Amino acid sequence: MDYIQIGVISLVILVAINLIIFAVKQPKKLKEWLLYAVTVAEAELGGGTGQLKLRRAYDMFVERYKVIAFFVSFETFSKWVDAALEEMRKMLETNPKAKALVE
């Protein structure tokens with residue numbers, strides 16, 4: 001193997017390690033960000049546009065977390081969004097300011 005191959009393999013390993021560390025240490029931040037993303041999509045696109053809102057949230061995710069998005073399938077992301085939507089619904093029921101923002 002030459003030095004370029006070793007360098008590329010080392011870089012891939014470092015990225016994988018960082019992703020694992022992120023997944024272990026940062027799920028709360030990612031969940032909070034997903035809540036933000038689905039709220040923004042809801043405010044921008046309104047009701048009855050579920051697939052468009054999902055796509056909008058995914059596009060925001062890819063912009064914000066380029067490396068992680070490379071390793072996360074759209075189906076997995078969709079499941080994460082479903083969980084964030086449940087959290088958003090609870091928040092909208094209990095927080096009038098958040099509800100006004102979305103409406």
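Values in this document were obtained by computation on a predicted structure and should not be read as measured data. (Residues numbered from 1 in each chain as written. Predicted model: local features only at pLDDT ≥ 70, side-chain atom pairs only at ≥ 80, totals over all residues. Heavy atoms only, no water.)

Engineer: A description of helix 5 (residues 74-94) should follow, citing residues and the corresponding values.
Structural biologist: Relative to the 30 Å expected for 21 residues at 1.5 Å per residue, helix 5 spans 30 Å between its end C-alpha atoms, a close match to the ideal helical length. Residues of helix 5 that are buried: Phe77, Ser78, Val81, Ala84, Met88 and Leu92. End-on view of helix 5: buried residues confined to an arc of 120 degrees, all on one side of the axis. More than 90 degrees from the buried face of helix 5, the exposed residues found are Glu75, Lys79, Ala83, Lys90, Glu93 and Thr94. (Helix = DSSP H or I, 4+ residues; strand = E, 2+ residues; numbered from the N terminus. Expected span 1.5 Å × (residues − 1). Buried < 20%, exposed > 50% of the residue type's maximum accessible area, 1.4 Å probe, protein only. Arc of directions from axis to C-beta.)

Engineer: Give a detailed account of the pattern of salt bridges, specifying residues and quantitative values.
Structural biologist: A complete count under the given rule lists 4 salt bridges for this structure. One salt bridge in this structure joins Arg55 and Asp59, with 3.3 Å as the shortest N-O distance. Of the two residues, Arg55 and Asp59 are both situated in helix 3 (residues 50-64); the distance of 4 residues between them amounts to about one turn of the helix. Using a relative accessible area of 30% as the deciding quantity, one classes Asp59 as partly exposed. Taking the shortest distance from any N to any O, the salt bridge between Glu86 and Arg89 comes out at 3.0 Å. (Salt bridge = Lys/Arg side-chain N within 4 Å of Asp/Glu carboxyl O.)

Engineer: How would you summarise the packing of aromatic side chains if you had to cite specific residues and measurements?
Structural biologist: Going through the model one piece at a time under the given rule, you end up with 8 aromatic pairs. For the ring pair Trp33 and Phe61, a centre distance of 6.3 Å and an interplane angle of 50 degrees mean the geometry is tilted. Of this pair, Trp33 sits in helix 2 (residues 27-45) while Phe61 sits in helix 3; the two residues are 28 residues apart in sequence, bridging distant segments of the chain. The same class applies to Trp33 and to Phe61, which are both buried. Judged by centre distance (5.7 Å) and plane angle (40 degrees), the ring pair of Phe61 and Tyr65 falls under tilted. (Phe/Tyr/Trp six-rings, centres within 6.5 Å; stacked < 30°, edge-to-face > 60°.)

Engineer: How would you summarise the nonpolar core if you had to cite specific residues and measurements?
Structural biologist: Of all hydrophobic cores here, the largest spans 22 residues; its most connected members are Trp33, Leu34, Phe61 and Phe77. Ranked by residues supplied to this core, first place goes to helix 2 with 7 residues. The contacts of Phe77, once residues within four sequence positions are left out, are Leu34, Leu54, Ala57, Tyr58, Phe61 and Val72. (Core = buried A, V, L, I, M, F, W, Y, C linked by side-chain atoms within 4.5 Å. Contact = heavy atoms within 4.5 Å.)

Engineer: Account for the environment of Ser10, naming residues and giving values.
Structural biologist: Within the element layout of this structure, Ser10 appears in helix 1 (residues 3-25). Under the relative-accessibility criterion, Ser10 is labelled partly exposed at 35%. Of the polar contacts made by the side chain of Ser10, one reaches the backbone oxygen of Ile6; its length is 2.8 Å. (Polar contact = N/O pair within 3.5 Å; in protein donor to acceptor, adjacent residues only side chain to side chain.)

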